[in-house]
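Structural overview
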Amino acid sequence: MRKHKKRLGQNFLHDKNVINKIINSFELNKDDLFLEIGPGEGALTTPLIEKIKNITLIEKDKDLVPYLENQYNSNQVKVINQDILKCDLSNIIKSNMRIIGNLPYNISTEIIFKLLPYSKNIKDIHFMLQKEVVDRIVANPGTKIYGRLSIMTQVYFMVKKLFDISPNVFIPKPKVESGYIRLIPRNYAFKDILHEKKFKDLVTMVFTARRKMIKTSLRGIIHDDLLNKLSINPSARPETLTVQNYLDISKNV
Ligand code: SAM
């Protein structure tokens, strides 16, 4: 048996029931274009390729590549041996692409941040992540776990937690609980690219000083009167503002 590489977050799914539950959680059409991040030994790839014609796999571990290439027909399965965080996705993500992955947990939020700007080309995303990360993504304003990850994901995607997954279904067993999440792109929320950048910078700025009131973090950037006009309490803390509040502020700075 191959040794699992901890540094690559290699916890492979082995429970047929959970794999079926994942594959049956969305409708599949033969012509769907799929991208899988971190296929490992193909726990999700194998049942998927029985139902669709094409899938692209991005796998960092070069030792897994010969295995994946032997396992599948190269007309159907394209294996890219790259680090998802380093590769140029603009050549890989095609229009209406569906993305799936049981992600390496140590870099899962970085992967999500990397995918956000491609939302217009994505049909949907289904990811297995650390449960704590799933909960942060779907968190509502006013909760302790609502923050930059929730806001940045929710401005691009409608997010839905589908179910939790026990550590027992992976080999080796991870130390943490997992969760399974669906992201479906929203209509583009920004006026233009500059607005998109301002939104990103604003959210990063206020959440680096999470304990500070909005008016303090935004002193010299936006006046209290304008915040009041936008129905935002200047004394509010960042975690109480909605995604729409941040869109409104970023339009006015
Ligand atoms: N999909 C398989 C499964 O469910 O059994 C494997 C999932 S395992 C949690 C994560 C996979 O991502 C591993 O195969 C690992 O080698 C791969 N991986 C880790 N870091 C990566 C990176 N930066 N880019 C692409 N793949 C990566």
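Below: a short report on this structure. The model shown is predicted, which means the values in this text are computed figures rather than measured ones.

To continue, consider helix 7 (residues 193-208). Each turn of an α-helix holds 3.6 residues, which means side chains three or four residues apart point in the same direction. Spanning 16 residues, helix 7 covers 23 Å between terminal C-alpha atoms, matching the ideal 22 Å at 1.5 Å per step. Among the residues of helix 7, those classed as buried are H195, E196, F199, L202, V203, V206 and F207. Considered in projection along helix 7, the buried side chains sweep an arc of 130 degrees and stay on one side of the axis. Across from the buried face of helix 7, at angles greater than 90 degrees, the exposed residues are I193, L194 and T208.

Inspection of every chain in the model, using the stated rule, returns 12 salt bridges. Among the salt bridges present, the one from K5 reaches D61, with a minimum N-O distance of 2.7 Å. Within this pair, whereas K5 is found in the segment before strand 1 (12-13), its partner D61 is found in the loop between strand 3 (54-58) and helix 3 (65-71), the two being separated by 56 residues in sequence. Of the two residues, K5 and D61, neither departs from the other in class, the shared state being buried. D201 serves as the salt-bridge partner of K197, at 2.6 Å between the closest nitrogen and oxygen. Here K197 pairs with D201, and both are found in helix 7, just 4 residues apart, close to one helical turn. With relative accessibility at 47%, the residue K197 sits in the partly exposed group. You can call D201 partly exposed: its relative accessible area is 37%.

Rules and cut-offs
Residues numbered from 1 in each chain as written. Predicted model: local features only at pLDDT ≥ 70, side-chain atom pairs only at ≥ 80, totals over all residues. Heavy atoms only, no water. Helix = DSSP H or I, 4+ residues; strand = E, 2+ residues; numbered from the N terminus. Expected span 1.5 Å × (residues − 1). Buried < 20%, exposed > 50% of the residue type's maximum accessible area, 1.4 Å probe, protein only. Arc of directions from axis to C-beta. Salt bridge = Lys/Arg side-chain N within 4 Å of Asp/Glu carboxyl O.

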